[in-house]
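In case you want the letters, here they are:
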Amino acid sequence: MNAVELPPPVETEEVNYLTCECGVKQWLLTTDHKRIGILFLYTILVFFTLAAVAAALMRIELLTPKGDLLLSADYNKLFTMHGVLMVWFFLIPSIPSVLGNFLVPLMIGARDLAFPKLNLLSWYLFVIGGALAMDAIIRGGVDTGWTFYAPYSTTYSNSHVIEMAAGIFVAGFGSILTGLNFIITIHKMRAPGLTWFRLPLFIWSMYSTSLILVLATPVLAMTLALMAIERIWGVGIFNPALGGDPVLFQHLFWFYSHPAVYIMILPGMGVASEVIPCFSRKAIFGYEFVAFSSVAIAVLGFLVWGHHMFVSGMSPYAGTVFSLMSFLVAVPSAIKVFNWTMTLHRGSISFSTPMLYVLGFIGLFTIGGLTGVFLACLAADVHLHDTYFVIAHFHYIMVGGMVTTFMAGLHYWWPKIVGRMYPEKLGQLSAVILFVGFNLTFFPMFILGGLGMPRRYHAYPPEFQIYHVLSTAGASILGIGYLLPVIYLLWSLKFGKKAPPNPWGATGLEWKTPSPPPKHNFHRTPIVHEPAYNFPPLDAS
Amino acid sequence: MNQGKHILSARSCVAVWIGLMAGFVLTLLLSRTHWGGYYTAAALAIAALQGLAVMAYYMHARVSSRLTWLFAASGIYWLAILFILGLADYLSRGWLK
Amino acid sequence: MNEPPAKVQFDNLEQQHDASRLGMWLFLATEFLFFGVLFMAFAVHHLLHPQAFASAVKQTNLLCGSINAALLLTSGLTMALGVTAIQNGRSRACVNWVSLTLILGLVFLAVKGAEYAGDISKGLVPGRHFAMNGEPAAQIFFWLYWLMTGLHAIHLIVGIVMLAAIAWMTKQGRFSARYATPVELAGIYWGFVDLIWIFLYPLLYLIGRVK
């Protein structure tokens, strides 16, 4: 997108959003979307680290068939902690609240989000929710798994279920406010000339994500509230002994949590749709298809929740419908993969760090998506339900999909966010390490699951050991893949080369303003005259 | 910004109120009938009409942009998904002999 | 009656007004889903235990419920008239209508309080002293009764606080025909509180009484 009437970027030390008013108070009470994005970045990294430590402990325990490091009760608490922190306190806010917050106004040429104070409030709600969750963990943890299934959570568990649920409840309102802010901003505050079909595809994916955040999260909030009330007063809505129905809990929980899975992949797809055209020097193939497939995923994603419940006692007729719907949702995901591949075709591809991450993502997401089709199949799911196959499948989506693209996005926009370049060679190396480590960690789990190893056990028959050893070895490589970027990104804050406004030669309004951007993003409101990804034509030889 | 077309007249507000009260009285009277399960359907249908009237007039959707309707409709649509797919399970459980 | 300038992120007051109104609607769409869970639980348990629900409905206080339905529908009218008044620049009339709405809301709460007191003395609170112990599912009905009316009352109280602020600010001359966004937003919110009761009323007070 070409913007006219912008002054040439000034090379002198200009005051930007990082250097103006930089006291602690100015940061904690900021309403600048860019600063709030950075507050979110720091916060989610804390939760990511804690959840990763829990994962590491589990992997060490699983090195040997006997449960020799942890008691089974502690193991239950560890995987619950890993799940809750990763899902609600890292993955869901990762790309939306960090990169989305930073980029949505920049990409649409606005000075800020529509409701900056609500935006700050959503960070505070997130922090309060996180503090409650951490307090529940420190005081002894929760052993229900991240799914909180009734009646175990409501009647039998002797752990800090209520406090944990309260934490998720509060943080949930933070994500509702973020989604609300994005939707209104995208509707109302686009720069002149920036029509819907000129928007960067990242914005389409943020819009679809926000739709889910806004319409699914309230259901989770109320469901967790009902669970907590039932636990305190013995209500009976979910308790079969009192005439209630535990399957109702699963319906309500998955009405949120299945769409929430798409909260954890749609933003990653948005990043991929930005990075691939930029490093292939080509417009995206089939813009409208990629854009509408985001919305289609958000809408269809609400119709498939029952595929988590095939063996729960749900009516088999409803199961059949849910199974068919689940096959259907694979279509828009596949459309995206085809379009990315076609964009690469005959492009002028450069293997920069963000591109390496995204190329890895395409492969991992495809494997994750296809194994999801196995699980959506009624008969196959009866065998695979609650095995390591499921664990492998959703980690290919969550880690292989979302974490990989989060890293891609972080590298891609790092020069814009901090105004410094990271060391390219180290970046490429860590992208490769992440890919290798990830596959070694999670591919053996497909085999384990197929062989019948159930999830959530800390001891297992000896014949499974070889796969667990491979997986733990992979996890330690994966750990290096996470640690390395932390080190060189921090290094680059001080020693990195100064970044020009547009280091990648990318299109998009965020690259038309200095790096880092000034406080209100643009010196003059940009006007858009072109479609997105309008790269000069390549030599067709 | 508040041009005339965005303002409801006091008269239409009162007319809507009369309609709402009529619906309320009708719901109450019908509960004296012998309709059994059909009464639930009738009462909910009346409530849905009343709800639409409240949204259109007292919540000013009538004089707002089409986008407003879209947002209201999305809330209702997603609620319908929860009800239809969720109840599909409960209603079809008995089919299996 | 000067209009305040638009906030820095907006180009003009009209854009700000549109964004605020859409934001309120989107928030209410989330509220639909939030309440929707309770309605879904109600529907499921009504399907599973029709007899128990029918006999439980007969225990609720129809008189209080009906008075409150009429009160709330009328308060919707007075609020809408208040919004129309300020949009036509008649801020005195607006203060009066909004105050009347507020009073109707308070009367609703008073009636609801009296009803709750009666419910408690009749032993309709689930738990050890629950009056209808023969039917365990009636207990589920009353849990939902207390949760739904309680959550509605919380929303109503929030609305009353909002209306008090609006009435005060209108009296101060903060709003005019040119700038009345907060009054309109309060009106939309109040309509939502009305809307919920329209559905609660037949479900909690009437459906079991039919023969």
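What comes next is a walk through the structure. (Residues numbered from 1 in each chain as written. Chains lettered and ligands numbered in written order. Predicted model: local features only at pLDDT ≥ 70, side-chain atom pairs only at ≥ 80, totals over all residues.)

**A closer look at the overall build of chain A**
Note the threshold: Segments assigned H or I by DSSP are reported as helices when at least four residues long, segments assigned E as strands when at least two residues long, and all are numbered from the N terminus. Our radius of gyration looks at C-alpha atoms and nothing else; its globule reference is 2.2 Å times the residue count to the power 0.38. Three exposure classes are used. Buried residues have 20 or more other C-beta atoms within 10 Å of their own C-beta, exposed residues have 12 or fewer, and partly exposed residues fall in between, all C-beta atoms being placed from the backbone.
When you go through chain A residue by residue, the secondary structure sums to 16 helices and zero strands. The globule rule puts the C-alpha radius of gyration for 541 residues at 24 Å, and the 23 Å found for chain A is close to it. Expressed along its principal axes, the backbone C-alpha trace of chain A runs to roughly 70 × 50 × 45 Å. Out of the 541 residues in chain A, the part that is buried amounts to 59%.

**Some remarks on the environment of A:Tyr533**
Considering the arrangement of structural elements, one finds A:Tyr533 in the segment after α16 (465-495). Along the sequence, A:Tyr533 and A:Tyr287 sit 246 residues apart, while their C-alpha atoms lie 9.5 Å from each other.

**Describing the interface of chain A and chain B**
Short version of the rule: Whether two residues are in contact is decided by their C-beta atoms, placed from the backbone, lying within 7 Å. Gly counts as polar in this scheme, as do all residues outside two lists: the nonpolar Ala, Val, Leu, Ile, Met, Phe, Trp, Tyr, Cys and Pro, and the charged Asp, Glu, Lys and Arg.
On the chain B side, the residues contacting the 14 residues of chain A number 13 residues. Contributions of two or more residues to the side of chain A that touches chain B are made by α7 (201-233), α8 (246-263) and α11 (316-344) of chain A. In terms of residue count, α11(A) provides more of the side of chain A that touches chain B than any other element does, four residues in total. In the side of chain A that touches chain B, the residues fall into 10 nonpolar, four polar and no charged.

**Some remarks on the packing of helix α1 (residues 13-48) of chain C against helix α6 (residues 181-206) of chain C**
All names here are of chain C. Rules: Structural elements are reduced to axes, namely lines fitted to C-alpha atoms, with helices fitted over the stretch in contact, and the angle between N-to-C directions of any two is expressed from 0 to 180 degrees. We call two directions roughly parallel when the angle between them is under 35 degrees, roughly antiparallel when it is over 145, roughly perpendicular when it lies between 65 and 115, and oblique otherwise. Left-handed is the label given to a crossing in which the near helix is rotated counterclockwise from the far helix by less than a right angle, and right-handed is the label when the rotation is clockwise.
Taken N-terminus to C-terminus, the directions of α1 and α6 make an angle of 15°; their axes are 10 Å apart at the nearest point. Classified by the angle between their axes, α1 and α6 sit roughly parallel to one another. Considering how the two elements wind past one another, α1 and α6 form a crossing that is right-handed. Listed contacts from α6 to His-17, Ser-20, Arg-21, Met-24, Trp-25, Leu-28, Glu-31, Phe-35 and Phe-42 of α1 are Thr-181, Glu-184, Leu-185, Ile-188, Tyr-189, Phe-192, Ile-196 and Leu-203. A per-class count over the contact of α1 with α6 returns 11 nonpolar, three polar and three charged.

**What about the interface of chain B and chain C?**
Quite often, the size of an interface is put as the accessible area lost when its parts meet. With 46 residues of chain B at the interface, the matching set in chain C holds 47 residues. When grouped by side-chain class, the residues that make up the side of chain B that touches chain C number 31 nonpolar, 15 polar and no charged.

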